[in-house]
Amino acid sequence: MAIHVRGVVLPDDEVRDLWLVGDRVTLDPVPGAETVSTTGFILPGLVDAHCHIGIRPGGGPIADLAEAKTLAAIDRAAGVLAIRDAGSPYRYPQLDDDPDVPRLARAGRHVAPVRRYLKDIGVEVTDDDLPATVAEQAKLGNGWVKLVGDWIDRDAGDLAPAFDPDRVAEAIDVAHAAGVRVAVHTFSEAAVATMVRAGVDSVEHGTGLSLDLIDEMARRGTTLTPTMINIQRFDEIAAQAEPKFPGYAAHMRALRAGFPAVVRAAHEAGVRIHVGSDAGGGIAHGMAAREMLLLHELAGMAPLSVLRAGSWGAREWLGFPGLVEGGLADLVVYDRDPREDLAVLLDPTRIVLRGRVVG
Ligand SMILES: [Zn+2]
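What counts, and at which threshold
Residue numbers here run from 1 along each chain, matching the order of that chain's written sequence. Local features in this predicted model are restricted to residues of pLDDT 70 or higher, and side-chain atom pairs are both shown and tallied only at a pLDDT of 80 or more, whereas totals for entire chains, interfaces and linings draw on every residue. Derived side-chain values reflect all non-hydrogen atoms in the structure, with water molecules and hydrogen atoms excluded from consideration. Each nonpolar core is a collection of buried residues, namely Ala, Val, Leu, Ile, Met, Phe, Trp, Tyr and Cys, held together in the definition by side-chain atoms within 4.5 Å. Residue exposure (1.4 Å probe, protein chains only): buried if accessible area is under 20% of the type maximum, exposed if over 50%, otherwise partly exposed. Where helices and strands are cited, they refer to DSSP runs of H or I of at least four residues and of E of at least two residues respectively, numbered from the N terminus. Any two residues whose heavy atoms approach within 4.5 Å are treated as being in contact. Working convention: axes come from line fits to C-alpha atoms, limited for helices to the stretch in contact. Angles between N-to-C directions cover 0 to 180 degrees. Left-handed describes a crossing whose near helix is turned anticlockwise from the far helix by less than a right angle; the clockwise case is right-handed. Charged means Asp, Glu, Lys or Arg here, nonpolar means Ala, Val, Leu, Ile, Met, Phe, Trp, Tyr, Cys or Pro, and polar covers whatever is left, Gly included. Two strands pair if DSSP finds at least two bridges between them. N or O atoms within 3.5 Å of each other form a polar contact, as long as, within protein, one can give a hydrogen and the other can take it, and as long as residues adjacent in sequence are counted only when both atoms are side-chain atoms. Residues scored as positive are Lys and Arg, those scored as negative are Asp and Glu, and His as well as the terminal groups of each chain are ignored. Here, a salt bridge means any Lys or Arg side-chain nitrogen found within 4 Å of an Asp or Glu carboxyl oxygen. Stacked, tilted and edge-to-face are the three classes applied to pairs of Phe, Tyr and Trp rings, where Trp contributes its six-membered ring and a pair requires centres within 6.5 Å; stacked means planes under 30 degrees apart, edge-to-face means over 60, and tilted covers the rest. In our convention, an over-ring charge means Lys NZ or Arg CZ found within 6 Å of a ring centre and within 35 degrees of that ring's normal.

(A) The nonpolar core, seen in detail. Counting residues in hydrophobic clusters, the biggest one holds 96 residues, and the most contacted among them are Ile53, Leu130, Leu147 and Leu209. With nine residues, helix H8 (residues 246–269) is the single largest residue contributor to this core. The residues touching Leu209, leaving out its near neighbours within four places in the chain, are Val192, Val196, Ile214, Met217, Leu224 and Val262. The next biggest cluster of nonpolar side chains, apart from the first, holds 13 residues, and it includes Ile3, Val5, Val25 and Ala329.

(B) Spatial organisation of the packing of helix H5 (residues 211–220) against H8. Close contact between H5 and H8 brings their axes to 9 Å; oriented N to C, the two are set at 35°. When the axes of H5 and H8 are compared, the crossing they make is right-handed. Along the contact surface, H5 presents Leu211, Ile214, Asp215 and Ala218, while H8 presents Val262, Ala265, Ala266 and Ala269. Residue classes in the contact of H5 with H8 are distributed as seven nonpolar, no polar and one charged.

(C) Representation of the pairing of strand E2 (residues 14–21). Pairing analysis gives seven bridges linking strand E1 (residues 3–9) to E2, with the strands arranged antiparallel. Bridge pairing links Val9 to Glu14 in E2. In this antiparallel pair of consecutive strands, E1 and E2, the connection spans four residues, and Asp13 shows a positive phi of 65°. Pairing of E2 with strand E3 (residues 24–26), which is carried by three bridges, proceeds in the antiparallel orientation. Bridged to Val21 within E3 is Arg24. The hairpin turn running from E2 into E3, its antiparallel successor, is two residues long, and Gly22 in that turn takes a positive phi close to 60°.

(D) Fine view of the packing of helix H9 (residues 288–297) against helix H10 (residues 303–310). In the contact formed by H9 and H10, the axes pass within 9 Å of each other and the chain directions differ by 145°. Handedness of the crossing formed by H9 with H10: right-handed. Here H9 contributes Met292, Leu295 and His296 to the contact with H10, which in turn contributes Pro303, Val306, Leu307 and Gly310. When its residues are assigned to classes, the contact of H9 with H10 shows five nonpolar, two polar and no charged.

(E) Representation of unusual backbone geometry. Here Leu10 and Pro11 are connected by a cis peptide whose omega angle stands at 5°. Looking at where Pro11 falls in the secondary structure, it is placed in the loop between E1 and E2. Residues other than glycine seldom take positive phi values, yet Thr227 does so here, at roughly 45°. Residue placement: Thr227 occurs in the loop between strand E15 (223–225) and helix H6 (228–232). Within the chain, Arg354 stands out as a residue other than glycine whose phi angle is a positive 50°. As for its position among the elements, Arg354 is in the loop between strand E17 (350–353) and strand E18 (356–357).

(F) Here's a closer look at helix H4 (residues 189–197). Within the span of H4, buried status applies to Ala191, Val192, Ala193, Met195 and Val196. A distance of 3.3 Å separates the backbone nitrogen of Ala191 from a side-chain oxygen at the start of H4, and that oxygen is part of Ser188. Positive backbone phi, at 95°, marks Gly199, one or two positions downstream of H4.

(G) Inspection of the environment of Asp128 at higher detail. The residue Asp128 is located in the loop between strand E9 (123–125) and helix H2 (130–140) in this model. In this structure the side chain of Asp128 is engaged in a polar contact, spanning 3.1 Å, whose partner is the side chain of Arg167.

(H) Just the side chain of Asp48, in detail. With respect to the helices, strands and loops of the structure, Asp48 is situated in strand E6 (residues 46–51). Buried within the structure, Asp48 lacks any salt-bridge partner; Arg84 is the closest side chain of opposite charge, at an N-O distance of 7.8 Å. Reaching out from Asp48, the side chain makes a polar contact with the backbone nitrogen of His50 at a distance of 3.2 Å. Once residues within four sequence positions are removed from consideration, Asp48 is found in contact with Asp75, Val80, Ala82, Ile83, Arg84, Val275, Gly276, Ser277, Asp278 and Ala288.

(I) Local environment of the packing of aromatic side chains. Summed over the entire model, instances satisfying the criterion amount to four aromatic pairs. On the basis of an interplanar angle of 70° and a centroid distance of 4.7 Å, the ring pair of Phe187 and Phe234 is categorised as edge-to-face. In this pair, Phe187 sits in the loop between strand E13 (181–186) and H4 while Phe234 sits in helix H7 (residues 234–241), placing the two residues 47 residues apart along the sequence. A residue is classified by how much of its surface remains accessible, and Phe187, at 6% relative accessible area, is buried. Each residue in the set Tyr117, Trp151, Phe187 and Phe234 is aromatic and connected to the rest through ring pairs, giving one cluster. Directly above the aromatic system of Trp144 lies the positively charged group of Arg84, at a separation of 4.6 Å from the ring centroid. The ring of Tyr92 has Arg106 lying over it, and the distance from NZ or CZ to the ring centre is 5.8 Å.

(J) Spotlight on the pattern of salt bridges. Using the criterion set out here, one finds 24 salt bridges in the structure. Between Arg167 and Asp128 there is a salt bridge, with the nearest N and O atoms lying 3.1 Å from each other. With Arg167 in helix H3 (residues 165–177) and Asp128 in the loop between E9 and H2, this residue pair connects regions lying 39 residues apart in the sequence. Arg167 sits in the partly exposed class, given a relative accessible area of 24%. Asp330 is the partner of Arg315 in a salt bridge, and the nearest nitrogen-oxygen pair spans 2.7 Å. Of this pair, Arg315 sits in helix H11 (residues 312–318) while Asp330 is found in the loop between H11 and strand E16 (331–334), placing the two residues 15 residues apart along the sequence. Summarising the burial analysis for this pair, Arg315 and Asp330 share the class buried. Beyond isolated ion pairs, a larger network of salt bridges with shared partners links Asp23, Arg24, Arg103, Arg315 and Asp330.

Structure below.
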């Protein structure tokens, strides 16, 4: 059964007729196709580039595949038709081709330092075991490895790098040799410096970035997923930590205060930014459009740049081609132009995943 959609297709900004046959797009008319939308603005499906459908709300691994599907369905209803899972304690390769589930780019489990990360989430390793563990996790995802670059060191009372810089560099080389890209969680200045110089592909959060490192990222083509929603919660984290770890609390508050300027500088320097809600655990699913609004409101990114960060640009980066001949039949329709007002992203009028109307 083929589907026909007509509207202003972005980013090309042209009124176009698209036919969706199976999970592919064609520009050649398909006789007998069912027309499901004839007005409005059409975006290639949104991408949540930092999302965890393997972590249950409140923390800990999900119980089964059905729970992952339930969480992914919340994102899908918000127009997210591709997800990069940035670390999961529960493996779900069966969902890679599930017609109900957004396209998936998956990391394996978070590779984390011993007893210094969220309980039951990561595979916890020492420096010496880091490269071999990364090699193992590279096989368990489908294109990504997730490293935890820093976390609180309770003895030091502050954020501290998770691993030795030489081992990190070795581990990243191991992942690249296996054809897998590396995403790294970092909050602190020290950890992100090590990770960028060691050749990580994608910096997650990145609150500790300096202007020098931003330039280095632009040169290397390292991408940034700022997770603005998550960083907004740093004050809460700081308040909880204050009695025992006042230095850590002050550091987190300072990182939060400086973050919009970091994202703005990265964007202006030409670093590719992607939209990531960091849903899972403490953050609800279905928030990608909110994250896009924050990239505009707090970091000053122009609407077209925000749309690229959360739609066609992110899809290209993950290998999910958009609304071109032979592209993937994932699209979202809005009744107003999102370039004029990003708030319309909160209210899609039609959602089509893999050539099927799902919303
Ligand atoms: Zn995350």
